[in-house]
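# Topology and contacts: notes
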Amino acid sequence: MTISLSHIDSEKGVPPETNVGKPRFWRYPEWRKSTLNINGKQNLSGRNSILVYSFAASRFKMQIDQYEDRSFTEIEDIEKDDDLIFNGRLIYSKVFSESSLIRLALNGLSTLHEEKFLSGDYKTERYSQYIYSAGAEYEYINNKFTGIAGLSYDGTATPETGDKPGKDPVNDLGVNTALIYSPADNYSVQLNFGRKTRFPTLRETFSGALGRFVPNPELKSEVAYTAELNLGRRFASGSSDLNFFISYINDGIVRVALPGGQFQRVNKNKIRTYGAEILSTYEILPKFKTNFNLTYLNSFSQNEAGEYSDTLEYKPQLIAGLFFDYTTGGFNPSL
């Protein structure tokens, strides 16, 4: 078992946005977080059964001072937040034979958020959310083939919604499957399919962020259907992988701009993403390595005409990286 405790007591500023009509001028005179973590592993019934556990509790307090202009002299509004968060995870693994095993998992998260504003005479509003997930996964292995099939039941509830309308609890099923085939040594082909639901967070649904966002209590969960094909090769001096992927997201949560420099998170009916990725690691010399990655991404949401042409934030078309690393003695320069 491992127990750790951390405490951060700080203050900071944020740079104002560029290329916007009304940038924010924020400072955080208080940014304080205390966290307790407990992690461990326990063998059950010999070595054939293992229970892995993780628990955490954290207290987070924050104050944001919003100023009128870039002189940072006259305060426009103040936000004070207080959060209490608990989360835990249990994973039980049972090995039946050399070729099969099952995993059972249980996850839970509880968040209590309190906020108050100078503009609201510091009236406290309380928000809370519970997120839970229970799942099972079976894995079968032989010399050249591995198959994985999993099912989960996920849910969320927001019993306290401050001065906003309440929301009904939501739950859904998740599915994940993987097929891995190795036709020869150092070669592999992997095919993945999955369905997963992401629930909107308290911040996405109810937070106004000092007037920057317009809350959207009607925000719905987004559901993703994904598929991926991986071709991998391992060799003496490195490895290379080629991935092809595609996903369809129903009711995708995105940020849209509103008049007056405000934003809101809304649901897009459908979002389609597909692309390809190359990852390669090569040892040029015994102490000199290089990594290369290149990703092509095509991601658009569906417009009213049914065409996938509406652009999305944070979805670049090309991503590339080249990394060099050299190690000699106790010195490790990289580029």
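This section reports on the structure supplied with the text. (Residues numbered from 1 in each chain as written. Predicted model: local features only at pLDDT ≥ 70, side-chain atom pairs only at ≥ 80, totals over all residues. Heavy atoms only, no water.)

## Things to note about unusual backbone geometry
Its identity is not glycine, yet Asp121 carries a phi of approximately 55°, on the positive side. Inspection of the secondary structure puts Asp121 in the loop between strand 5 (100–117) and strand 6 (125–141). With a relative accessible area of 71%, Asp121 lands in the exposed category. A positive phi angle, near 60°, is found at Tyr314, a position not held by glycine. Along the chain, the position of Tyr314 falls in the loop between strand 14 (308–310) and strand 15 (318–326). (Helix = DSSP H or I, 4+ residues; strand = E, 2+ residues; numbered from the N terminus. Buried < 20%, exposed > 50% of the residue type's maximum accessible area, 1.4 Å probe, protein only.)

## Here we look at the nonpolar core
One finds Val14, Trp26, Tyr28, Phe60, Met62, Ile64, Phe117, Ala209, Leu210, Phe213 and Phe263 forming the largest nonpolar core, which totals 11 residues. Those elements giving two or more residues to this core turn out to be strand 2 (26–44) and strand 3 (49–67). At 3 residues, strand 3 tops the list of elements feeding residues into this core. Those residues in contact with Phe263 that sit more than four places away from it in its chain are Arg212, Phe213, Val214, Arg255, Val256, Ala257 and Leu258. (Core = buried A, V, L, I, M, F, W, Y, C linked by side-chain atoms within 4.5 Å. Contact = heavy atoms within 4.5 Å.)

## So, the pattern of salt bridges
Within the structure shown, the criterion is met by 16 salt bridges. Across the pair Glu30 and Arg32 runs a salt bridge, and its minimum N-O distance is 3.4 Å. A salt bridge links Lys196 to Asp154; the shortest N-O distance between them is 3.0 Å. Placement of the pair is Lys196 in strand 9 (residues 187–198) and Asp154 in strand 7 (residues 145–161), with a sequence separation of 42 residues. The partly exposed category is assigned to Lys196, whose relative accessible area is 42%. Accessibility expressed as a relative area gives 4% for Asp154, which makes it buried. The network of salt bridges with shared partners includes Asp9, Glu30 and Arg32. (Salt bridge = Lys/Arg side-chain N within 4 Å of Asp/Glu carboxyl O.)

## With respect to the packing of aromatic side chains
Considering all chains together, one arrives at 11 aromatic pairs under this definition. Between Phe25 and Phe72, the aromatic rings sit 5.8 Å apart at their centres with planes inclined by 85°, giving edge-to-face as the arrangement. One end of the pair, Phe25, is in the loop between strand 1 (2–13) and strand 2; the other, Phe72, is in the loop between strand 3 and strand 4 (75–97), and 47 residues separate them in sequence. An identical accessibility class is assigned to Phe25 and Phe72; each is buried. Between the aromatic rings of Trp31 and Phe60, the centroid separation amounts to 5.0 Å while the plane-to-plane angle is 70°, which identifies the pairing as edge-to-face. A residue pair is termed long-range when its members are at least 10 positions apart, and Trp31 in strand 2 and Phe60 in strand 3 qualify at 29 residues. Of the aromatic side chains, those joined through ring pairs into one cluster are Phe25, Tyr67 and Phe72. When the ring centre of Tyr67 is taken as origin, the NZ or CZ atom of Arg27, which lies over that ring, is 5.8 Å away. Against the face of Tyr122 rests Lys80, its NZ or CZ located 4.9 Å from the ring centre. (Phe/Tyr/Trp six-rings, centres within 6.5 Å; stacked < 30°, edge-to-face > 60°. Lys NZ or Arg CZ within 6 Å of the ring centre and 35° of its normal.)

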